[in-house]
Amino acid sequence: MKRDFIQLAIAFFTLAVGGAAEELLPRLLSVGIPVLLSASAYFAVRRAPVAGMLFALAAGAAEDALCALPYAVSIAFFAAVAALMRGFKLPLACAAPAYVVYQLWLWIWLGQDLPGNIFARMFAALPVGAATLLAVHLVLSWVDGKAAVDEK
């Protein structure tokens, strides 16, 4: 019970800080920093299946709200990434190309409303996504260790 409460508190804290970071950090070639997508991949790999999927749904909803996207655009993508990560038991590093695919996903749904050139966005998305994934993994692993999430 105590462990579940700690995981829930970390998830809420990650949603709040991740959303704030996505809004406040600068953009590179119109590409933002994918903190919530990286956190969704982390939770999909490191938490129970239901907890990982619920976090992905909440992170997708937060992304839609922060970016003023149409309803469920990010929710569907974040849930698909979490399901693929969990279902195929992929290592966390496999989530880095997901941000490139997310740029294409946004372009399909938003088209001309998306700022910047789609090819420049996709080109910038891989290094930005990989760096963010590494940073989020290191920070959340540290937080999990300090909170003793893996302790029985």
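All of the points below concern the structure found in this document. (Residues numbered from 1 in each chain as written. Predicted model: local features only at pLDDT ≥ 70, side-chain atom pairs only at ≥ 80, totals over all residues. Heavy atoms only, no water.)

## Considerations on the packing of aromatic side chains
- One pass over the structure, following the stated rule, counts seven aromatic pairs.
- Here F43 and F55 contribute two aromatic rings whose centre-to-centre distance is 4.2 Å and whose plane-to-plane angle is 55°, an arrangement assigned as tilted. Taken together, the residues span a long stretch of sequence, with F43 in helix α2 (residues 35-46) and F55 in helix α3 (residues 49-67) at a distance of 12 residues.
- Here F55 falls in the buried class, since its relative accessible area comes to 5%.
- Three or more aromatic residues joined by ring pairs make a cluster, and in this case those are F77, F78, Y99, Y102, W105 and W109. (Phe/Tyr/Trp six-rings, centres within 6.5 Å; stacked < 30°, edge-to-face > 60°. Helix = DSSP H or I, 4+ residues; strand = E, 2+ residues; numbered from the N terminus. Buried < 20%, exposed > 50% of the residue type's maximum accessible area, 1.4 Å probe, protein only.)

## Notes on the side chain of T132
- Along the polypeptide, T132 turns up in helix α6 (residues 118-147).
- Those residues in contact with T132, other than ones at most four positions away along the chain, are I33, P34, V35 and S38. (Contact = heavy atoms within 4.5 Å.)

## Looking at a nonpolar patch on the surface
- Taken together, the side chains of L104, W107, I108 and W109 define a hydrophobic patch exposed on the protein surface, amounting to about 440 Å² of accessible area.
- Mapped onto the fold, I108 is located in helix α5 (residues 98-110). (Patch = residues over 30% accessible without salt bridge, like charges linked within 9 Å, V, L, I, M, F, W, Y side chains within 5 Å. Areas by Shrake-Rupley, 256 points an atom, 1.4 Å probe, with all protein chains shown as cover. Salt bridge = Lys/Arg side-chain N within 4 Å of Asp/Glu carboxyl O.)

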